[in-house]
Amino acid sequence: MKRHMVHGYLQEILEELKDSDGGEVADYIPQLATADPAPFAVALATTDGAVYSAGLNEGDDELEFTIQSASKPFVYAAAIQERGLKKVRATVGMEPSGEAFNELSLDPGSNRPMNPMINAGAIAVNQLINGEDSTVEERTEVIRQFLSELAGRDLEIDYLVCDSELEVADRNLSIAHMLRSHGIIEDMAHDAVESYTQQCSIKVTVRDLAVMAATLASGGIQPLTGKRVVSPLVSRQVQAVMSSAGMYNLAGRWMSVVGIPAKSGVSGGIMGTLPGVMGLATFSPRLDSTGNSVRGVKTFHRLSEDMGLHLMGLRQRGDTAVRDIITREDGPNGRTTTIELQGIIDFAAAENAWRTILQEEKLADRVVFDLSEVASVNDIGRRMVVQGFQGLRTAGRNVILKDPRKLFPELS
Ligand code: GLU
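The structure presented is a predicted model; accordingly, all values stated were derived computationally and were not measured.

Draft legend 1. View of the overall build of the protein chain. Broken down by element type, the protein chain carries 15 helices and 11 strands. Relative to the 2.2 N^0.38 estimate, which gives 22 Å for 412 residues, the radius of gyration of the protein chain is 23 Å and therefore close to what a compact globule would have. For the C-alpha atoms alone, the extent of the protein chain along its principal axes is close to 85 × 40 × 35 Å. Expressed as a percentage of the 412 residues in the protein chain, the buried residues total 56%. The contacts in the protein chain between residues at least 6 apart in sequence include a share of 69% that link residues at least 24 apart. Carbon and sulfur atoms provide 48% of the accessible area of the protein chain, an area that totals close to 16900 Å². Averaging the coordinates of the 40 positive side-chain charges in the protein chain and doing the same for the 55 negative ones gives two points 7 Å apart.

Draft legend 2. Up close: the UniProt feature "binding site: substrate" (unreviewed entry) in the protein chain. When the UniProt feature table is mapped to this numbering, "binding site: substrate" (unreviewed entry) covers S69, N119, E165, N172, Y196, Y248 and V266. As for its placement among the helices and strands, S69 is situated in the loop between β3 (65-66) and α3 (72-83). Excluding its chain neighbours within four sequence positions, the residues that come into contact with S69 are N119, Y196, Y248, K263, S264 and G265. Along the chain, Y248 turns up in the loop between α11 (232-245) and α12 (251-257). Since its relative accessible area comes to 12%, Y248 is described here as buried.

Draft legend 3. Fine view of the sheet that holds strand β11 (residues 398-402). If you walk across this open sheet you meet the 4 strands as β8-β9-β10-β11, and the pairing is mixed. Strand pairing shows two members of the sheet lacking a second neighbour, β8 (322-329) and β11, which therefore form its edges. Taking each pair of neighbouring strands and ignoring which way they run, the sheet shows an average axis angle of 20°. Here β8 runs beside strand β9 (residues 335-345); their pairing, made up of 7 bridges, is antiparallel. Each residue of the ladder has a partner; that of I325, found in β9, is I339. Packing against the sheet, helix α14 (residues 347-359) makes contact with β8, β9 and β10 (366-377), and its axis sits at approximately 160° to β9. Across the sheet, helix α15 (residues 379-394) lies against β9, β10 and β11, angled at about 175° from β10, the strand it touches most.

Draft legend 4. Just unusual backbone geometry, in detail. With a phi close to 50°, Q68 is a non-glycine residue in the positive phi region. What makes Q68 buried here is its relative accessible area of 2%.

Draft legend 5. Local environment of the sheet that holds strand β7 (residues 278-283). One open sheet holds the 5 strands; their spatial order is β2-β1-β7-β6-β5, and the pairing between them is antiparallel. Bordering the open sheet on either side are β2 (51-55) and β5 (262-264), each of which pairs with just one other strand. With direction set aside, neighbouring strand axes in the sheet form an average angle of 10°. The pairing of strand β1 (residues 41-46) with β7 spans 6 bridges and is classified as antiparallel. What sits directly across from A45, in β7, is G279. The sheet strands contacting helix α13 (residues 294-307) are β1, β6 (269-274) and β7, and the helix crosses β7 at an angle near 145°.

Draft legend 6. Structural view of the packing of aromatic side chains. Counting across every chain of the model gives 5 aromatic pairs. The interplanar angle of 50° and the centroid separation of 5.4 Å between the aromatic rings of W254 and F300 together place this pair among those described as tilted. Here F300 lies in helix α13 and W254 lies in helix α12, a separation of 46 residues in the sequence. For the pair W254 and F300, one class covers both residues: buried.

Draft legend 7. Geometry of the packing of helix α7 (residues 159-167) against helix α9 (residues 189-200). At their nearest, the axes of α7 and α9 sit 9 Å apart, and the two run at 140° to each other. Between α7 and α9 lies a crossing of right-handed hand. Here Y159, C162, E165 and L166 of α7 come into contact with α9, specifically with V193, E194, T197 and Q198. Of the residues belonging to the contact of α7 with α9, the class tally is 4 nonpolar, 2 polar and 2 charged.

Draft legend 8. Region of interest: the nonpolar core. Ranked by size, the top nonpolar core spans 58 residues in total, and within it L10, L44, M278, L303, M307 and F369 carry the most contacts. If we skip the residues at most four places from it in the chain, M278 touches L44, A45, T46, T47, A214, A217, G272, T273, M307, L309 and F347. Counting residues in each nonpolar core, the second largest holds 47 residues, with A213, V229, M242 and M271 among its members.

Draft legend 9. Main features of the pairing of β6. Counting buried residues along β6, 6 of its 6 residues qualify, which places the element largely inside the surrounding structure. Where burial is concerned, the two faces of β6 agree: the one with G269, M271 and T273 and the one with I270, G272 and L274 are both buried. In this antiparallel pair of consecutive strands, β5 and β6, the connection spans 4 residues, and G268 shows a positive phi of 110°. Count of turn residues in the β6/β7 antiparallel hairpin: 3 residues, of which G276 carries a positive phi of about 80°.

Rules behind the numbers
Residues numbered from 1 in each chain as written. Predicted model: local features only at pLDDT ≥ 70, side-chain atom pairs only at ≥ 80, totals over all residues. Heavy atoms only, no water. Helix = DSSP H or I, 4+ residues; strand = E, 2+ residues; numbered from the N terminus. Rg over C-alpha atoms; globule rule 2.2 N^0.38 Å. Buried < 20%, exposed > 50% of the residue type's maximum accessible area, 1.4 Å probe, protein only. Contact = heavy atoms within 4.5 Å. Areas by Shrake-Rupley, 256 points an atom, 1.4 Å probe, with all protein chains shown as cover. Lys, Arg positive; Asp, Glu negative; His and termini not counted. Charge placed at Lys NZ, Arg CZ, Asp CG, Glu CD. UniProt positions renumbered as here; feature names shortened; annotations may be inferred. Pairing = 2+ DSSP bridges. Axes fitted to C-alpha atoms, helices over the stretch in contact; angles between N-to-C directions. Phe/Tyr/Trp six-rings, centres within 6.5 Å; stacked < 30°, edge-to-face > 60°. Left-handed = near helix turned anticlockwise from the far one by under 90°. Nonpolar A, V, L, I, M, F, W, Y, C, P; charged D, E, K, R; others polar. Core = buried A, V, L, I, M, F, W, Y, C linked by side-chain atoms within 4.5 Å.

So this is what it looks like as C-alpha cells:
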C-alpha cells in the first residue's frame, strides 16, 4: 500500500505535467540530438533506504541516460574525499559564476575556475582524481567505480555519446588549454577533456540519480548498501555549492522558489538533495533556454511545494511519527491493534509511519488510530494518512479513529 501511495502521487504529477513539453533536446552533442524527447520519470530515495519512482510511459524510470553535468557534484565529492578540502579549494572556487556553464573564464582574483559546477571547474576537479600521474583510463575507472558505489550498482559508460561529444569538444578543449596555461591542470588538454567527457557519459537511471543524491543527503552513507561513501563534511560542502551554482543561470531563482540544492545535466536529468531526508531526481530530455529540463524543473517545483521541501522553509523535526503499536486480545471480540501517532505529520513522517505500520506482522482486524499526540499535519501528510486509512478499510479492516482535536474531519 505504501508503494501505491507515493507511487500514485508521483504518477499523478507526471500526468499533470506531461503536456509541459516545450523546449528542445540538447543538440550540440550530435548523439544527444537524436535522443527520444518523450520519456518522463521521477524518483525519490529516502535516506533510510526507501526508493519510489514513476514513469509517464511504462519503464521510463528504468531508462538509462548519460549523467552529464549531474556528475559534477559527485566527482567534486570524490575529489574532496581523496585530496581534502584545502587542496580542492586551491584548485576551484565556490562562488556562482553568473555565466554560461561552458564559459572560458576564471576568477579574476585567484585565477581559479569560479566553482565546480561549471565546465572549467569540473574539468579541473576531474584532474584531481587518482593523482596527477593517473592515466585517463585509470582516472575514469576510479570515477566510474565511485559513482557506482553511490548508485549501489555497477554503472557503465556510453561510449557512443562520449565519442560523439569528443568530436565536437572544441569549447571544452579551449577551457582545458586555458586551465593548463594557468597551471591549474597538468595533463594535456585533450586527455583532460577525454577524462571529463567519459565522466559525463556514465549511464544512470532516474532511480540511480535519486539514490546517489540520497547518499549526499544522508551525510555520505549510501542508503541501500549502508556503506559510508564520503564524510558528512564532504556531503555538506557539495550540497552547499550545489545550492548556489547547480542550476546553470537559473541557480538564484531556483534556490528562492524551489529551495532544494540541485544539479542538472544536458541530457535532461536533474538531481536534488534534501539534507537528512531524501534525494530526488527527474528525467525528461527537453531543455529550456537555461539548459534545464522543462518538465524536470516543473516537477521539482511541484514536489517542493506539495511536500514543503524548501530548505529555508520552517521545519520542525520531531521523533518518529509512530509513538507505539500495541496489539491486545479483546476476549470474544478478537484482537485490537492500537497505533499511536505523534508530532508533525509531513511527508517524511507519514511515509515512515506507513512503512512501520505495514511491517507490523501482527496487525489485528480491528485497528484503532490514536491521534491524540499529533501536533499538526501538512497537505501531503494528510493525503497519505487518509489514503492509508482508506487502504486498510478497503482491505477489510475495521479502522477506528481517535482524533480528539478533529485534525482529520474527513475521516470521522
Ligand atoms: N558533457 C557536457 C559538456 O561538457 C555536459 C554539460 C552539461 O550537462 O551541462 O558540455
